[in-house]
Amino acid sequence: MRWLVLTILTILTLARPLAAHESRPAFLDVREFAAGQYEVVWKRPMRGEYVIGFTIGWPDGCKPTAANEHEVPGANITRMLLDCGKTGLVGGTITINRLPETSAEVLVRVEFADGTSQTQILRPASPAMTVEGPRSAFAVGVEYLRLGFDHILAGVDHLVFVLGLTLIVGGGWTLVKTITAFTVAHSITLALSTLGLVRVSQTPVEAVIALSIVFLARELLLLRQGQPGLTSRMPWLVAFIFGLLHGLGFAGALREIGLPPGDIPLALLAFNLGVEAGQLAFVGVVLALMAIGRRVYSSTLPNWLGQVPAYAIGTVAAFWTLERILST
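Bear in mind the structure is a predicted one, so any value in this text is a computation, not a measurement.

Asks: I would appreciate a short explanation of the overall build of the protein in the present structure.
Replies: Helices and strands together make up the secondary structure of the protein, namely nine helices and ten strands. Every one of the 328 residues in the protein was classed for burial, and the buried ones make up 48%. Residue pairs in contact within the protein that sit at least 24 positions apart in sequence constitute 72% of those at least 6 positions apart. For the protein, the computed accessible surface area is about 16000 Å², with 65% contributed by carbon and sulfur atoms.

This is the structure in C-alpha cells:
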C-alpha cells in the first residue's frame, strides 16, 4: 500500500508540470497586407499576473510601429504594424529572444499577400526561423505533417488516453481496430471544427477530455479487479465516442496555427497524418515497454501492483479535470 501511495503522490507532483506543458504556446502571427507591410499579433501566455518576457528580434530593415497591448484571460496580446520596406521579410530571420532560457514553445506563422503561409514551432534549442517566402504544395504538406506529429507528442492528455486504451486492450488485432476507431473519430471532428462547421468553446472541451481519461482509468481498474467494463467489451466503441471529443481538442490547436487558404485540404490531411504517426509511434513504444516488462518480470506480480497504473492515470486526470473546470 505504501508503494501505491508513493506512486500517486509522485504523479500528483508531476501533474503541474505536465499540465503546464499542455498549455498553448506563445503565438506570433504576421500577415502581409501590402508589399513589405505586415500586421502582427503577438500573444504571450500569462501565469497569474506574470507575462513571459519574450521579445521579438526582427530582421534588419524591419521596424515595428503603432503597437498597442491588452490582456485576455490567460494571455497578453500585442498588436502592431511592421514595415520591412521593399525587401519584405523573405530571406530574413525572426528570433524569439530569451526563449533558450525557458522550456516554452513559440508558434510563428507568416502569411504572405498571395495567401500562402509559413508556420514553424520555435523551441529553446532552435529559437529562430528564416522566412522562406511562398512555398510549394509539397513543402506545405511536409510542414503540416510535422506540426501534427509535434502536437500529438506534446499533447500529454491525449497520449495518456491512448496509454489507457493500450493497457486495457493489450495488443493484437483488437488494438488495431481500437486505435483506428479513435483516429477516424478525431479526424471527423477535427475537420468539421477546423472548417467552421462545428463550433464549441475550447476550455470546456479540454475539461471533458480530462474527464474521459478518468473514465478510462476506472475501466482499467475494474479490469484489474476482474470486472471488465464497457471498454474491455467494446473498446472500439469507447475509442470512437471519445475520439470525437479529442478531435475537438486537436482542432483548437489547428485553428490557432491556421490553414493556408490555397491548400486547406492538403494541410488538413497532412496534419491528421502527422497526428496519427505520432500516435502510432507512442503506441509502439508502449507495447515495446510492456513486452520488456513481461520478460524481465516473468513471475506472477501481486494483484495490487497491477492496479497502480489505473490509480496513477486516474489521479492525474482528476487533477486536470478540476484544474480545467476551475479555469473556465
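Asks: Where do I start with the pairing of strand 1 (residues 26-34) in this structure?
Replies: Pairing between strand 1 and strand 8 (residues 106-111): six bridges, direction parallel. Across the sheet, residue arginine 31 finds its bridge partner in strand 8, namely glutamate 111. As paired elements, strand 1 and strand 2 (residues 37-47) share seven bridges and run antiparallel to each other. Across the sheet, the residue bridging to phenylalanine 27 is lysine 43, located in strand 2.

Asks: Just to check I follow, could you spell out the packing of aromatic side chains for this structure?
Replies: Each aromatic ring pair is characterised by the separation of its centres together with the angle its planes make. In this structure the tally under the stated criterion is three aromatic pairs. Residues phenylalanine 161 and phenylalanine 182 carry aromatic rings whose centres are separated by 5.3 Å and whose planes lie at 25° to one another, so their mutual orientation is stacked. In this pair, phenylalanine 161 sits in helix 3 (residues 156-169) while phenylalanine 182 sits in helix 4 (residues 172-194), placing the two residues 21 residues apart along the sequence. Judged by relative accessible area, phenylalanine 182 falls into the buried class, the value being 0%. Ring centres of phenylalanine 215 and phenylalanine 242 lie 5.5 Å apart, and the angle between their planes is 50°; on these two criteria the pair is classed as tilted. Here phenylalanine 215, found in helix 5 (residues 202-224), pairs with phenylalanine 242, found in helix 7 (residues 235-257); they are 27 residues apart in sequence, far enough to count as distant.

Asks: Before we go on, may I ask you to explain the nonpolar core in this structure?
Replies: As a rule of thumb, soluble globular proteins bury nonpolar side chains together. In terms of nonpolar packing, the biggest core is built from 31 residues, with Val160, Phe161, Ile213, Leu216, Leu220, Ile313 and Trp320 touching the most fellow members. At the level of secondary structure, the elements contributing two or more residues to this core comprise helix 3, helix 4, helix 5, helix 7 and helix 9 (303-326). When neighbours within four sequence positions are excluded, leucine 216 is seen to be in contact with Phe161, Gly164, Leu165, Ile168, Thr231 and Val238. Counting 26 residues, the second-largest nonpolar core is a separate cluster that includes Val30, Trp42, Ile52 and Val131.

Asks: Sorry, what's going on with the side chain of threonine 194 here?
Replies: Inspection of the secondary structure assignment puts threonine 194 in helix 4. Within the structure, the side chain of threonine 194 is placed 2.6 Å from the backbone oxygen of leucine 190, a separation counted as a polar contact. Ignoring sequence-local partners within four residues, the contact set of threonine 194 consists of Ala251, Leu254, Arg255, Leu259 and Leu268.

Asks: Would you mind going over the environment of glutamate 276 with me for this structure?
Replies: Among the structural elements, glutamate 276 can be located in helix 8 (residues 264-296). On a C-alpha basis, the gap between glutamate 276 and threonine 183 in space is 6.9 Å, while along the polypeptide they are 93 residues apart. Contacts of glutamate 276, omitting those with residues within four sequence positions, involve Ile179, Thr183 and His186.

Cut-offs and rules
Residues numbered from 1 in each chain as written. Predicted model: local features only at pLDDT ≥ 70, side-chain atom pairs only at ≥ 80, totals over all residues. Heavy atoms only, no water. Helix = DSSP H or I, 4+ residues; strand = E, 2+ residues; numbered from the N terminus. Buried < 20%, exposed > 50% of the residue type's maximum accessible area, 1.4 Å probe, protein only. Contact = heavy atoms within 4.5 Å. Areas by Shrake-Rupley, 256 points an atom, 1.4 Å probe, with all protein chains shown as cover. Pairing = 2+ DSSP bridges. Phe/Tyr/Trp six-rings, centres within 6.5 Å; stacked < 30°, edge-to-face > 60°. Core = buried A, V, L, I, M, F, W, Y, C linked by side-chain atoms within 4.5 Å. Polar contact = N/O pair within 3.5 Å; in protein donor to acceptor, adjacent residues only side chain to side chain.

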